[in-house]
Amino acid sequence: MNNYYKFNNLSDDKESFEYFNSLPTNILNTYLNDTFYYIETYLEEFSNVFKVIFNGSDYDEFYYSCKSLIEELNNIKIILNILKDRDNE
């Protein structure tokens, strides 16, 4: 996979790359749009969770939400590079 955008920490996840690469461009664009929506939702949840954490709540839900956000960001990086590669063809 070419890293056209020079992303740091771009996971070399061959399975994800092959999956996304098999999808048409319009599906990838829809996925990106949905992913940005999910990221906004996660960030809203994080702001609410911070209030709870400082009141002595459990950290598990916050931890797994953060891990999901990291995975989504990596998927965005993969998709952007696939789309850039398709533009260069």
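**Remarks on the overall build of the protein**
No. 1: When you go through the protein residue by residue, the secondary structure sums to 3 helices and 0 strands.
No. 2: Walking the protein from its N terminus toward its C terminus, one meets helices and strands in the order α-α-α.
No. 3: Across the 89 residues in the protein, those meeting the buried criterion constitute 28%.
No. 4: A separation threshold of at least 6 residues defines the contact pool for the protein, and within that pool the share at least 24 residues apart is 80%.
No. 5: A total of about 6,500 Å² of accessible surface is found on the protein, and carbon and sulfur atoms cover 50% of it.

**Regarding a negative patch on the surface**
No. 1: Together, D12, D13, E15, E18 and E71 make up a region of like negative charge exposed at the surface.
No. 2: Assignment of secondary structure puts E18 in helix α1 (residues 14-21).
No. 3: Take E18: its relative accessible area is 47%, and that puts it in the partly exposed class.

**Observations concerning the packing of aromatic side chains**
No. 1: This structure, assessed with the given rule, holds 4 aromatic pairs.
No. 2: Residues F20 and Y31 carry aromatic rings whose centres are separated by 5.2 Å and whose planes lie at 55° to one another, so their mutual orientation is tilted. Of this pair, F20 sits in helix α1 while Y31 sits in helix α2 (residues 25-53), placing them 11 residues apart in sequence.
No. 3: Members of the aromatic cluster, joined through ring pairs, are Y19, F20 and Y31.

**Examining unusual backbone geometry**
Leaving glycine aside, a negative phi is the common case for residues, and trans is the common case for peptide bonds.
No. 1: Positive phi is not limited to glycine here, since K6 has a value of about 55°.
No. 2: Note on placement: K6 falls in the segment before α1.
No. 3: Backbone geometry places N9, a non-glycine residue, at a positive phi of 60°.
No. 4: Mapped onto the secondary structure, N9 falls in the segment before α1.

Parameters at a glance
Residues numbered from 1 in each chain as written. Predicted model: local features only at pLDDT ≥ 70, side-chain atom pairs only at ≥ 80, totals over all residues. Heavy atoms only, no water. Helix = DSSP H or I, 4+ residues; strand = E, 2+ residues; numbered from the N terminus. Buried < 20%, exposed > 50% of the residue type's maximum accessible area, 1.4 Å probe, protein only. Contact = heavy atoms within 4.5 Å. Areas by Shrake-Rupley, 256 points an atom, 1.4 Å probe, with all protein chains shown as cover. Patch = residues over 30% accessible without salt bridge, like charges linked within 9 Å, V, L, I, M, F, W, Y side chains within 5 Å. Salt bridge = Lys/Arg side-chain N within 4 Å of Asp/Glu carboxyl O. Lys, Arg positive; Asp, Glu negative; His and termini not counted. Charge placed at Lys NZ, Arg CZ, Asp CG, Glu CD. Phe/Tyr/Trp six-rings, centres within 6.5 Å; stacked < 30°, edge-to-face > 60°.

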